[in-house]
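Results of the structural survey
One-letter residues, chain by chain:
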Amino acid sequence: MRDRIRLLMVAAGVCMSGTLGRADSPAIVITPRIETTEEELRKELLNVPDVGLSQKTAAELYIAIGIQRVKNQSVRPDCGGAFYGETISKTGASALPWLKGAEATKGREEAKTLNTLSVKLRTRMMEASQRGATQVNPTALRRLVAIEDKEDLQGDDWQKPEAIPTLVQLLQAEDKAIREFLVDKLAGIKNKAASVALAQRALFDLSPEVREQAVQALADRPDQDYMEVLLAGFRYPWPAVPDHAAEAIVALNRKEYAGRLVNLLKEPDPRRLINDESGKPLVRELVRVGHMSNCLLCHPPSFSDQDYARGLVPAPYQSPLPTYHTATKGAFVRADVTYIRQDFSVVQPVPDPVKWPGQQRFDYFIRTRPWTKNEVLRSATPREDIDAKREPVDSEKKIGLGKNTEAERYPERGALLFALRKLTKQDLGKTYEAWAAVVKPERRPGEDSGDADLKSRTAQLLAALITSTDEKRPELIALYRDSKGIEYTDALAGSLSKLKGQEQVSAREALADRMTRMKSATLLDYMRQRDPELRRAAVLACGGKDKEQLPVYADALIRLLSDEVPMVAQASHKALKALSGQDFGPEDSANAGERLKAVTSWREWWMTQKK
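Residues numbered from 1 in each chain as written. Predicted model: local features only at pLDDT ≥ 70, side-chain atom pairs only at ≥ 80, totals over all residues. Heavy atoms only, no water.

Along the backbone of the chain there are 28 helices and seven strands. Within the chain, buried positions represent 51% of all 611 residues. Nonlocal contacts in the chain, meaning residues at least 24 apart in sequence, comprise 69% of its contacts between residues at least 6 apart. Approximately 29,500 Å² of the chain is accessible, and the part contributed by carbon and sulfur atoms is 52%. (Helix = DSSP H or I, 4+ residues; strand = E, 2+ residues; numbered from the N terminus. Buried < 20%, exposed > 50% of the residue type's maximum accessible area, 1.4 Å probe, protein only. Contact = heavy atoms within 4.5 Å. Areas by Shrake-Rupley, 256 points an atom, 1.4 Å probe, with all protein chains shown as cover.)

Let us look at the pattern of salt bridges. Evaluation of the coordinates by the stated rule reveals 32 salt bridges. Here Glu 109 ties to Lys 112 by a salt bridge, and the two come within 4.0 Å at their closest N and O atoms. One end of the pair, Glu 109, and the other, Lys 112, are both in helix H7 (residues 108-127), three residues apart, so they sit about a helical turn from each other. On the basis of relative accessibility, which here comes to 33%, the residue Lys 112 falls in the partly exposed class. In this structure, the salt-bridge partner of Arg 473 is Asp 470, at a minimum N-O distance of 3.2 Å. A relative accessible area of 7% means that Arg 473 is categorised as buried. We classify Asp 470 as exposed; its relative accessible area is 53%. Within the structure, one salt-bridge network assembled from shared partners comprises Glu 38, Glu 39, Arg 42, Arg 179 and Asp 205. (Salt bridge = Lys/Arg side-chain N within 4 Å of Asp/Glu carboxyl O.)

Within strand S2 (residues 282-290), nine of the nine residues are buried, which leaves the element mostly enclosed by the surrounding structure. The alternating pattern of S2 places Leu 282, Arg 284, Leu 286, Arg 288 and Gly 290 and Val 283, Glu 285, Val 287 and Val 289 on opposite faces, both of which are buried. In this sheet, strand S7 (residues 359-370) lies alongside S2 in antiparallel orientation, the contact comprising nine bridges. If you follow Leu 282 over to S7, its bridge partner there is Pro 370. (Pairing = 2+ DSSP bridges.)

Where like charges cluster on the molecular surface, the negative patch consists of Asp 583, Glu 587, Asp 588 and Glu 594. Locating Asp 583 in the fold gives a position in the loop between helix H27 (566-580) and helix H28 (592-610). (Patch = residues over 30% accessible without salt bridge, like charges linked within 9 Å, V, L, I, M, F, W, Y side chains within 5 Å. Lys, Arg positive; Asp, Glu negative; His and termini not counted. Charge placed at Lys NZ, Arg CZ, Asp CG, Glu CD.)

With that out of the way, let us pick up the packing of aromatic side chains. What the rule picks out here adds up to nine aromatic pairs. Considering the side-chain rings of Phe 204 and Phe 344, the 5.1 Å spacing of their centres and the 15° angle between planes classify their relative orientation as stacked. Of this pair, Phe 204 sits in helix H11 (residues 192-204) while Phe 344 is found in strand S6 (residues 344-349), placing the two residues 140 residues apart along the sequence. Of the two residues, Phe 204 and Phe 344, both sit in the buried class. When the ring of Tyr 480 is compared with that of Tyr 488, the centres are 5.5 Å apart and the planes differ by 65°; the resulting orientation is edge-to-face. Both residues of the pair, Tyr 480 and Tyr 488, count as buried. Connected via pairs of aromatic rings, a cluster forms that spans Phe 204, Tyr 236, Trp 238, Phe 344 and Tyr 364. Above the face of the Phe 303 ring, Arg 69 is positioned so that its terminal group lies 3.8 Å from the ring centre. Positioned over the ring face of Phe 332 is Arg 310, at 4.1 Å from the centre of the ring. (Phe/Tyr/Trp six-rings, centres within 6.5 Å; stacked < 30°, edge-to-face > 60°. Lys NZ or Arg CZ within 6 Å of the ring centre and 35° of its normal.)

This is how it looks when you write it as structure tokens:
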């Protein structure tokens, strides 16, 4: 019945949010893989581990900071993370997805914009709240923002790309009607960042109607702007997200990505990383932290009213102020620096809130931690069907620790098969081999190809290069540089840790030269790989592009200025200078503070160029 009503509304030119449907994009109607309501998903998320500070531990942190201030001792910016590691769990702290350097810090102009827009939007939300109520009236908010847009001589602030972080951060955990307003605003911003934000709404929003609205907004956008976000959803360790990814790709009818989906059939359970670099088994899991009690886990404290994007820290065991965004007294954080960035946020009930609200916002993200002994033992025993509503788990097969075999079964895999069957209009079974025989597998850099022949060829090429004579090796390096095929790229990259001296230098140059022939999307993928040699080579290849290509690579290059591997950071600096004709540093010998200052300068300069 819900689908029929929605079809009638689309036929009449009306979206579920009440806005007119676009005449230039196809009508989107999502076919759910599994019918789930918003409340059902919300209940699932209640079972996710809460790993953050409680009111009690947050109060202990604030007292410790107060004592330091009284003693005129300096308070480190990451005091919340340090406190967590020292008093809660050292292992747990290291498992959290900390952001560092440029990734954690906004440039001055970005910070100013965030400060201005967050105050403006919070003010409108307060004005749109019914007297005595905590919920925002969506009709009133739309009206107030529309009036503001007409009166603003500078144009609509909420149609500018700079508004995206504020809109998403403040509205994503509000009621459904407010989240529909969020999608409306994102749909009106025509750039890649807005497409990414819409794809994230399509994956993470709990409401089927809001997800469908987000997918509709993606229909007339370039697929290269958002498809990697949707494809990454199949590797998310909460089964609902792969389902939403499959539903979105099917609704958008992206048949050309079927090969990528086939390749993902070879991937292991997304809750598991096989091993870390030292060989230790790891598990990826969805966790949550309470928004009100973890301000200082995610942001540094602010002791100056000149800081941008300041936010009042709710006092434990005290009723929160209704107008906390305009408060001038109390403890504050600065939101222009973020140490942990959530994937999504949801309001959930709290059993013992004391004087805080009984319904509070929780921020959800993925942590990567070592396996426990019990998990290691369970991994070698038949796995139970942990979600009967999703793809059945093959309980007759054993899942061995560290294996990556077709025998593995997990709920998220069913989403892949659902998408493949819908896109190809075929049912070729459940095995990678059956699908690969009909649909050619495709991969992005760093993704397991699932092709045993390709792996064998790569290994043979690598062995031939490493074991060749000194006279023959330069000839092979040149051959690998010029030959077509992923195996030559992988073999060159694999050789760099084994070659020494001038031969290593020659192989590095060959890998960078090889990458200059690659498309921009491929280069950007290589710049995100774990192997620093691949990152460095991709960066150097970017530096050899025409200066007109700067808009394609600037954000990625600025991010890599803070790379933990010096040769990657230095290559990024060199590439930025070559493409921009500018030089804001940092010097190769720069310390952490000087490096952060240089990254901030590059970001501020690039923001002025984009305007």
